[in-house]
Amino acid sequence: MVEHRFAVAVALCAGTHAIAQTDPYAPPASYYAEVSGTGAALEDSLRTAMTTGHIQRRYGDFRNSAVIHDADPNVPGNILLTYNRASVSGTWDSGSTWNREHVWPQSLQPGSASNSTRGNLGDPHALRPCNPGINSSRSNKPFGLSSTTGGFANLGVYYFTGDSDKGDIARQLFYSDVRWSSQGISLVNGTPGSNQMGDLASLITWHYLDTPDEFERRRNHAIYSQTLNPSYYTNNRNAFVDIPEAVWSIYVDQNNDSSLYVGGIPNADGSSTLTIDLGMFLVGQTVPDTFFTLNKAGLDGTYYSVEPSAEVLTTHDGRHNAFRILNSGGDTEVIDLGFVNTTASTPGTMQGTVTIDNLDMTTGFGVDSGANDGDDIITLSATIVENSNASFDPVLDENTLLVDLGSLTVGDPASTTQVTIYNLGGTFTAPVALGLGASSGDTSILTIPIISEPSVAASFSFDASLDTATEGLFSATYTIATADDASLTGATSGVPLTLTLIGEVTSAACITDVTTAGATLPGQPGYGVADGISDLDDLGYYLNFWLTGDPAADVTTAGASIPGQPGYGIPDGMVDLDDLGYFIGLWLVGCN
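Please read these numbers as outputs of a predicted model, since none were measured by experiment. (Residues numbered from 1 in each chain as written. Predicted model: local features only at pLDDT ≥ 70, side-chain atom pairs only at ≥ 80, totals over all residues. Heavy atoms only, no water.)

Draft legend 1. A look at the overall build of the protein. Per the secondary structure count, the protein includes ten helices and 29 strands. The buried share of the protein, reckoned over its 592 residues, is 48%. Contacts in the protein between residues at least 24 apart in sequence constitute 70% of all its contacts with a sequence separation of at least 6. When the accessible surface of the protein is totalled, it reaches about 25,000 Å², and 52% of it is carbon and sulfur. (Helix = DSSP H or I, 4+ residues; strand = E, 2+ residues; numbered from the N terminus. Buried < 20%, exposed > 50% of the residue type's maximum accessible area, 1.4 Å probe, protein only. Contact = heavy atoms within 4.5 Å. Areas by Shrake-Rupley, 256 points an atom, 1.4 Å probe, with all protein chains shown as cover.)

Draft legend 2. Region of the structure containing the confidence of the model for the protein. Chain-level statistics for the protein give a pLDDT mean of 86 and a share of 82% at 70 or above. Note that residues 1–21 has pLDDT below 50 and, in this model, 71 contacts with residues that lie over four places away or in other chains. Counted against residues more than four places away or in other chains, residues 586–592, with its pLDDT under 50, gives 18 contacts. (pLDDT = per-residue confidence, 0-100.)

Draft legend 3. Looking closely at the side chain of Asp 257. As for its placement among the helices and strands, Asp 257 is situated in the loop between α8 (246–251) and β11 (259–261). No salt bridge is formed by the buried Asp 257. Its closest oppositely charged neighbour is Lys 296, at 5.8 Å. Residues in contact with Asp 257, not counting those within four places in the same chain, are Ala 297, Gly 298, Leu 299, Asp 300, Phe 365 and Ser 369. (Lys, Arg positive; Asp, Glu negative; His and termini not counted. Salt bridge = Lys/Arg side-chain N within 4 Å of Asp/Glu carboxyl O.)

Draft legend 4. Inspection of helix α4 (residues 166–179) at higher detail. Between its first and last C-alpha atoms α4 spans 20 Å; for 14 residues at 1.5 Å apiece the expected length is 20 Å, and the two agree. Summarising burial for α4: 14 of the 14 residues are buried, a large majority. (Expected span 1.5 Å × (residues − 1).)

Draft legend 5. View of the sheet that holds strand β20 (residues 390–391). One open sheet accounts for four strands, arranged β20-β22-β26-β24; its pairing is antiparallel. In this open sheet, the two strands that pair with only one neighbour each are β20 and β24 (446–447). In this structure, β24 lies alongside strand β26 (residues 459–466), joined through two bridges in antiparallel fashion. Its bridge partner being in β26, Leu 446 is matched across the sheet by Leu 466. (Pairing = 2+ DSSP bridges.)

Draft legend 6. Quick peek at the pattern of salt bridges. A full pass over the atoms with the stated rule returns 15 salt bridges. Asp 70 serves as the salt-bridge partner of Arg 128, at 3.8 Å between the closest nitrogen and oxygen. Here Arg 128 is found in strand β6 (residues 127–130), whereas its partner Asp 70 is found in the loop between α2 (62–69) and β3 (78–80), with 58 residues between them in sequence. For the pair formed by Arg 128 and Asp 70, the shared burial category is buried. In this structure, Arg 171 and Glu 216 form a salt bridge, with 2.8 Å as the shortest nitrogen-oxygen distance.

Draft legend 7. Structural view of the packing of aromatic side chains. By the definition in use, this model includes 13 aromatic pairs. Taken together, a centroid distance of 6.3 Å and an interplanar angle of 50 degrees make the contact between Phe 240 and Tyr 251 tilted. Of this pair, Phe 240 sits in helix α7 (residues 239–242) while Tyr 251 sits in helix α8, and the two are eleven residues apart along the sequence. Pair check on accessibility: Phe 240 and Tyr 251 agree, each one buried. Members of the aromatic cluster, joined through ring pairs, are Tyr 31, Tyr 32 and Tyr 224. Here the basic side chain of Arg 179 rests over the ring of Trp 180, its NZ or CZ set 3.8 Å away from the ring centre. Cation over ring: Arg 237 sits above Tyr 224, and NZ or CZ is 4.9 Å from the ring centre. (Phe/Tyr/Trp six-rings, centres within 6.5 Å; stacked < 30°, edge-to-face > 60°. Lys NZ or Arg CZ within 6 Å of the ring centre and 35° of its normal.)

Draft legend 8. Local environment of the sheet that holds strand β14 (residues 302–308). With mixed pairing, five strands are arranged side by side in an open sheet as β12-β19-β18-β14-β16. Strands with a single pairing partner mark the edges of an open sheet, and in this sheet they are β12 (272–282) and β16 (318–323). Each strand axis lies, on average, 20 degrees off the axis of its neighbour in the sheet, ignoring direction. (Axes fitted to C-alpha atoms, helices over the stretch in contact; angles between N-to-C directions.)

Draft legend 9. Expanded view of the packing of helix α1 (residues 39–51) against α4. Where α1 meets α4, the closest approach of the two axes is 9 Å, and the angle between their N-to-C directions is 95 degrees. When the interaxial angle is binned, α1 and α4 end up roughly perpendicular. Side by side, α1 and α4 meet where Glu 43, Arg 47, Met 50 and Thr 51 of the first sit next to Tyr 175, Val 178 and Arg 179 of the second. When its residues are assigned to classes, the contact of α1 with α4 shows three nonpolar, one polar and three charged. (Parallel < 35°, antiparallel > 145°, perpendicular 65-115°, else oblique. Nonpolar A, V, L, I, M, F, W, Y, C, P; charged D, E, K, R; others polar.)

Draft legend 10. Quick peek at helix α5 (residues 200–209). Within α5, eight of the ten residues are buried, which leaves it mostly tucked inside the rest of the structure. Along α5, the positions that sit buried rather than exposed are Leu 200, Ser 202, Leu 203, Ile 204, Thr 205, Trp 206, His 207 and Tyr 208.

Draft legend 11. Here's a closer look at the nonpolar core. The biggest cluster of nonpolar side chains holds 44 residues, and the ones touching the most others in it are Leu 46, Phe 143, Leu 173, Phe 174, Leu 187, Phe 240 and Tyr 251. Counting only elements with at least two residues in this core, the list comes to α1, β8 (158–160), α4, α5, α7 and α8. Discounting residues that sit within four places of it in the chain, Leu 173 has contacts with Val 103, Trp 104, Phe 143, Leu 187, Met 197 and Leu 203. Membership of the second largest hydrophobic core comes to 26 residues, among which are Phe 392, Leu 408, Leu 466 and Ala 476. (Core = buried A, V, L, I, M, F, W, Y, C linked by side-chain atoms within 4.5 Å.)

Draft legend 12. Representation of the pairing of strand β23 (residues 432–441) within the structure. Here three bridges tie β23 to strand β25 (residues 452–456), and the two strands are oriented antiparallel to one another. Paired with Gly 435 across the two strands is Ser 452, which belongs to β25. With eight bridges joining them, β23 and strand β27 (residues 472–484) adopt antiparallel strand pairing. Bridging across to β27, Val 432 finds its partner in Asp 484.

Draft legend 13. View of the environment of Gly 406. Summarising the element assignment, Gly 406 is placed in strand β21 (residues 400–409). Taking the C-alpha atoms as reference points, Gly 406 and Gly 503, 97 residues apart in sequence, are found 5.2 Å from one another. Filtering out sequence-adjacent residues up to four positions away, Gly 406 remains in contact with Leu 466, Ile 502, Gly 503 and Glu 504.

In structure tokens form, the structure reads like this:
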């Protein structure tokens, strides 16, 4: 399922890092307006942003402010402790339930803490509420090791924060190192000395493994905000929670090799595109979520933003997403996405986009890496259609049709008539499935092809045929099954269509004289009528006529005569075998 998350949109301009508020925990748009550059210049501008207007709070204030900025979001009045994330009462009881943990141990920074102490020793961005026993167990150990996972633990000379807090602790130490560098404190690799803290390499690794979650972002905002924290607000923020991509440029180098892409091979500038078509859905149906895979080339860790358009939601909305630091190979992240309105309401096309931006701020590695890595665009689409409706008419809903294939003579070429089935509806109409169902009547004479059409968008045509091998009046009825909306979810069986075919095949026409093309003999009363059949009695007439050339009466049918027909015996001046062939043929087929 798509998780509905808040997002912070950050636009990195040529000389300025401007943050636009789309998240209740985002800073004002002007807070980082003067932040720019990379490396030392970036560090200096972040320090200025975090120092300007800063209202320093006392160490003693934390006893009352923790219930606001470390609040358990699920239990009113409780707070979440660091390291073990236990939920306890936020009411201060002189340190019995929880006490104040200096993330940067006070023994490793100048001065000592009292309730009136300000600076890093009293800064809520550098403090956390902690279980007294765990606080004592940690003592003043530096944090490490980079590959450690699981719960909080002592690891020899190092202390492990636990997976839930390792990124949070790292960013608190980055804050102290930059904001309070004037006090002479610094982060170092390995075990620290006086006024130092580490292990920097582990902190950097954790920063990419444990990104700022909602609890941490709310905590950062609550420490800053007069609205949320009217009595103890500081009016300053931890920039490494708001702009986590600054870490690589400040603490590593200017050559981040990360390049992000979706789909196939990215373009030369690192940009890429991917189109995901979810398919076709009926009005009223649910459009499901899907996913895409975001790929990272390169070994360096990087933060990236996932910015969906207004129509789309993803599990990674916002800019607090990161790829870890690697020793070899690349990395991938599967990101779920779907439409905000998951129920298809009206016919048409649903479409939205997701933009992936590599947020790293360094440019030294090349044209397709870090800040030079082009954006990656994912387009999500779906087609919403209304119900289909099969009909024999292009406008009206007609479920029955009678087709008359006419009257033919035995032996004529078969008669064919085109029949069309239409799918009624507008531009966005579901396809209809057609199949041949039951049939009855003279289906061997009046035929249609086997119909099996799984997806008819607009219309489907076929030929109905009348076979002329057999004389008679014929009728056949065919049922054409329809499945409205083809194979779509929610499809129903449509109203079947009934097609009735009729046609007639009559006896063959009389044969013309083989020597006189076009000559015909009209039917005469009496031939074959006296005894009900055309037989040798009638043939006798034809023979007599052929032998004598005299249209005398049939020897058995008195008075019968054939009027003189132009063409018989005329072309060659005599009645002969050519003409006899016509008469014999006439007798054999029984023409009158």
